Amino acid sequence: MCSWCWGFAPVLQGLAEQAAEHGVPLVLKVGGLRREQVAMDEAGRSRTLSYWQAVHNATGQPFDFEGGLPAGLIYDTEPACRALVAARGLDESRVWPLSLLIQQAFYQQGRDVTQAALLVELAEAAGLSRERFAESYDDPATKAETSADFSWVENLGIAGFPTLLAEHQGQLALLTNGYQPLTVLAPFLGRWLEHNAHA
């Protein structure tokens, strides 16, 4: 539910393919961008749609500007984040497909991805068992692991998304904090892979 992360999705796909050629996996940590408790008002909707327009202009990613941010939406990213953590625990290979389905539902289809029933539907579409996903999503351990991800991100001082880190032997290198096009990041990642992937 981070619009710049949606803008970054095609770039991330390209970088994931590049890293995979070197046997380097991509691991998702969720950051808990927003944890609102009240419904978005019209001023908040207008402000957020202006952010969406900026992302669209910069990246070309599609948005539903008319139907997006439905009335009554409580802009809480915790449920979507927890869905990804649940997926990570069940089948790591399903995390990125689910992330993309959540983004498409929210940004292109104007659906409220804070709703557990929709997240279960999307998890099934991503190839996960409805029952196992629903059980994991509601599990207090998954809620705790989601909070632990939020803390890990906060403790690193990461305040903006997307952020991409490369890890080698416990050492983290910052590849980007914020959107950058693939033409900028692919050579940067290539240099890192050349020096670290097989060391």
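Nothing here was measured: the structure is a model prediction, and the numbers come from that model.

Counting 37 residues, the largest nonpolar core has L69, Y75, L98, I102, F106, V113 and F133 as the members making the most contacts within it. Of all elements in the fold, only α1 (3-20), α2 (42-59), α3 (78-90), α4 (95-108), α5 (116-125) and α6 (130-138) reach the threshold of two or more residues within this core. Sort the elements by how many residues they give to this core and α3 lands first, with seven residues. Ignoring any residue separated from it by four or fewer positions in sequence, one finds I102 in contact with A80, A83, L84, V113, L119 and L122. Judged by nonpolar contacts, the second largest core, of 12 residues, contains A19, L185, W192 and L193.

Going through the model one piece at a time under the given rule, you end up with six salt bridges. Here E78 makes a salt bridge to R82, at a shortest N to O gap of 2.9 Å. With a gap of four residues between them, E78 and R82 both fall in helix α3, about one helical turn apart. For the pair shown, E78 and R82 are each scored as buried. Several salt bridges share partner residues, and in doing so they unite K29, R88, E145 and D149 into one network.

Moving on: the pairing of strand β2 (residues 171-177). Two strands pair when backbone bridges link them, and strand β1 (residues 163-168) and β2 are joined in this way by six bridges, in the antiparallel orientation. Bridging from a neighbouring strand, A166 pairs with A173 of β2. Hairpin connection, β1 to β2: the antiparallel pair is bridged by two residues, and Q169 has positive phi, about 50°.

Okay, α1 next. Two residues of an α-helix separated by three or four positions point the same way, owing to the 3.6 residues in each turn. With 18 residues, α1 should cover 26 Å at 1.5 Å per step; its first-to-last C-alpha distance of 25 Å lies within 8% of that length. At A9, α1 is bent by approximately 50°, the largest bend along its length, and proline P10 sits one to four residues beyond. For α1, the set of buried residues is S3, W6, G7, F8, A9, V11, L12, G14, L15, Q18 and A19. Looking at the buried positions of α1, the neighbouring elements they touch are α2, α4, β1, β2 and α8 (182-196).

Two elements in contact, α4 and α5, have axes whose closest approach is 9 Å; the angle formed by their N-to-C orientations is 130°. Taken together, the axis directions place α4 and α5 in an arrangement best described as oblique. Crossing handedness for the pair α4 and α5: right-handed. For the pair formed by α4 and α5, the contact residues are L98, L101, I102 and A105 on the first element and L119, L122, A123 and A125 on the second.

Conventions and cut-offs
- Residues numbered from 1 in each chain as written.
- Predicted model: local features only at pLDDT ≥ 70, side-chain atom pairs only at ≥ 80, totals over all residues.
- Heavy atoms only, no water.
- Core = buried A, V, L, I, M, F, W, Y, C linked by side-chain atoms within 4.5 Å.
- Buried < 20%, exposed > 50% of the residue type's maximum accessible area, 1.4 Å probe, protein only.
- Helix = DSSP H or I, 4+ residues; strand = E, 2+ residues; numbered from the N terminus.
- Contact = heavy atoms within 4.5 Å.
- Salt bridge = Lys/Arg side-chain N within 4 Å of Asp/Glu carboxyl O.
- Pairing = 2+ DSSP bridges.
- Expected span 1.5 Å × (residues − 1).
- Bend = angle between axes of the 7 residues up to and from the residue.
- Axes fitted to C-alpha atoms, helices over the stretch in contact; angles between N-to-C directions.
- Parallel < 35°, antiparallel > 145°, perpendicular 65-115°, else oblique.
- Left-handed = near helix turned anticlockwise from the far one by under 90°.

Shape descriptors only; they carry no functional weight alone.
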